[in-house]
Amino acid sequence: MAGSPSSVTTARRHFKAGRRLLGYGDKLARAVLSLALVQCTASAFLYKSSGSVHDPPANASAQLADTLRPVYYEGEHVNVAKEAYMSSTAGRAMASRAVDRVTHGFYGEDGTTASTKVESDPFIEVDVGQAHLIAAVEVWLPKRRCDNLKFGDAKCEEIFVGSSKPLVVELMSPGDNAGARGERNVVSSRKYTSPRSVFFWDHVSETARYVRVSLPGNARRLAVTEVKVFVRDTAMSLCSPSTCAGGTCTCHGSGCSGQRCRCSPERVGEEDCGTDINRDWRYFPLPKRLDTLDARWNAGSLWDTAMSELHAVQNPKSSCSRADVRDGLIGAQAKGAGLASSLHFASGYLALAHERQRPFVFSGRLNYAGTKYCKDKGMLGDMDCYLGPVAGGSCLDLKRRERTKYRGYSGPRAHPNRCAIGKWCDDVSHFKRVPKKFQTQGLFWWRTATVAALVKMNRDTDALLRLEEVKRKIGFVSPIIGVHVRHGDACHTTARKGRCKGLASYLPELRSLRDRYQTRRVFLATDDESVIRASRRFATEFDFVFLSSPEIDRKLFDSKEQIEYRKNLWNGASNVGHKIMMASLYDMLLLGHSDYLILHLLSNMSRLALELAAARAKKVPPFSSVDGPWTNNWRM
């Protein structure tokens, strides 16, 4: 399928000729450019060429698998995009917003998006200041307001990209009459014929000064939040306030012979510190080897220190008399809401324990432990039925004594979601505090530490899960993308009511991750059997793996009532709730073992998975959220 050198050269000649003709407004120009695009399409090979990026035909599954070979970036890279120019400007959506180092933004004039008017062949052109050997180009599209619950039924605006209406990225050099808006020669180009959230062109290895993004065709509008153009900074001489907007340039090497970008505590992305973990929905760093650690994560052994201190405060060597005993959680009768939200809430107690240097002992009841399995262990409602001891040592004896005194909370029966423990549900200030010695690491890092210290399976649960055996059984092999599709009771009972989306809505994110990290393996974590059935339609693009019986029975999740409030599940009379608990743990832990993630970060389960994945990898993994940014507490 690869095109011959002569066909590619011919296409490039037609591109150049077409651009020159456009400068004179000649109608022939469009025909010449169209011919060039056709020639480039014909000479392209999937992912590996500098031509077109198509999705595979129905019989191309094995061929696609053979072409996906991760190629990693080594050394320092810098985003050198400087100025931008557009074919037209829609309102206040100026071209400069395409190079402002902010990838967060929605369609519309919200201060972060560059947009043309609706017109024929709209384009945005980015100038990198001088000719550079380009390593990578990224085109970030805005997010849709309709995907964020707080916007209600907002219009689902998006850019349509298909075989008849492609998105084209061109690398260009100055022509004979260059100037600021002058003639351009096309060096290389790539055409995309299916939707993505971010369009990646990696391992470019072409010298150019300009990058043009266009939408050929009539009545089209181009909107982007950012265009990034990365070059390798071998001499470490390119770091500047503009290329390192989310951090500071710090000395590297003897005598400060070079500088590299060091991120501020709440920023990630070692190339440009371009992602704000508290605001951004997506984080897609340049591909690095999976075993590459974030040097900052355990800088000065701070991660090891945090884990050691959290363990020490919860396992006092002597008396547990100073313990902070808690018997209430969020949700009805103070027994918890969803599993992940309850665990997040409890991790706040753990953060307070570290702050006050007093162990946290839970003497209440957790709904998800209200199973016959736990009752038979003499641990009905005990969080430690499934998890490792939340508090150990002498605190275990204290917990047993306090549990016998438990009288429960009557709770508001008419409103089961209302909190029964007063201010503790309203006050989330302790979720936002970071101990002084860890403030250089940021809030996400500290919240991840408290979650990682709390959410550990005990030996009995590990034996029941047989996680490594199940991974082999379903074909869970690294590198792999983990996708959380939350349906089930949430589609009927929460703020997502009537707003749950099918698997097709996740394809733009999946394609972006596949393009960048070169893997088609996808672990599908879902409580909806129809999502599993839908995955078969996309088997030519992705290899989906998922849990099946006996690990999960998805019919148990299909309910018009929230699972945590189905009292027949949590009264110790049956093990139906135990099956739901085990299935939830499988999905949570396997998402946490995934290398790349597509999540619902308004869901506590997704947040928990991101934190567990970060704790395991010792870095923030590449991720995309389909409905909102990460949140530091248990609230939606």
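Heads up: the structure comes first, above all this text.
Residues numbered from 1 in each chain as written. Predicted model: local features only at pLDDT ≥ 70, side-chain atom pairs only at ≥ 80, totals over all residues. Heavy atoms only, no water.

**Some points on the packing of helix 4 (residues 302-314) against helix 5 (residues 339-356)**
And then number 1: Across the interface, helix 4 lies against helix 5 with an axial gap of 10 Å and an inter-helix angle of 90°. Put simply, helix 4 runs roughly perpendicular to helix 5. Taken together, the residues of helix 5 that come into contact with helix 4 (itself represented by E309, L310, V313 and Q314) are L350, A353 and H354.
And then number 2: Class assignment for the residues of the contact of helix 4 with helix 5 results in four nonpolar, two polar and one charged. (Axes fitted to C-alpha atoms, helices over the stretch in contact; angles between N-to-C directions. Helix = DSSP H or I, 4+ residues; strand = E, 2+ residues; numbered from the N terminus. Parallel < 35°, antiparallel > 145°, perpendicular 65-115°, else oblique. Contact = heavy atoms within 4.5 Å. Nonpolar A, V, L, I, M, F, W, Y, C, P; charged D, E, K, R; others polar.)

**Observations regarding helix 15 (residues 576-592)**
And then number 1: With 17 residues, helix 15 should reach 24 Å at 1.5 Å per residue; the first-to-last C-alpha distance of 25 Å fits that figure.
And then number 2: Within helix 15, 15 of the 17 residues are buried, which leaves it mostly tucked inside the rest of the structure. (Expected span 1.5 Å × (residues − 1). Buried < 20%, exposed > 50% of the residue type's maximum accessible area, 1.4 Å probe, protein only.)

**Overview of empty space enclosed by the protein**
And then number 1: For the structure shown, the criterion picks out seven cavities of 30 Å³ or more.
And then number 2: Taken as a whole, the largest cavity holds about 110 Å³ of empty space.
And then number 3: Every residue along the wall of the largest cavity is listed here: P265, E266, R267, V268, I277, D294, R296, W297, Q441, F444, W445 and V620.
And then number 4: For the lining of the largest cavity, the secondary structure elements donating two or more residues are strand 13 (267-268) and helix 9 (443-454).
And then number 5: Residues belonging to the lining of the largest cavity are distributed by class as follows: seven nonpolar, one polar and four charged.
And then number 6: Of the volumes computed, that of the second largest cavity is approximately 90 Å³.
And then number 7: Lining the second largest cavity are 14 residues, and of these K228, E271, D272, F284 and P285 lie nearest its centre.
And then number 8: At the level of secondary structure, the elements contributing two or more residues to the lining of the second largest cavity comprise strand 5 (123-140) and strand 10 (226-232).
And then number 9: Residue classes in the lining of the second largest cavity are distributed as seven nonpolar, three polar and four charged. (1 Å grid on protein atoms, 1.4 Å probe; cavity = no way out; pocket = protein on both sides within 12 Å on 5 of 7 lines; lining within 4 Å. Points joined across faces, edges and corners; volume = space filled by probe spheres on them.)

Keep in mind these numbers describe shape, not what the thing actually does.
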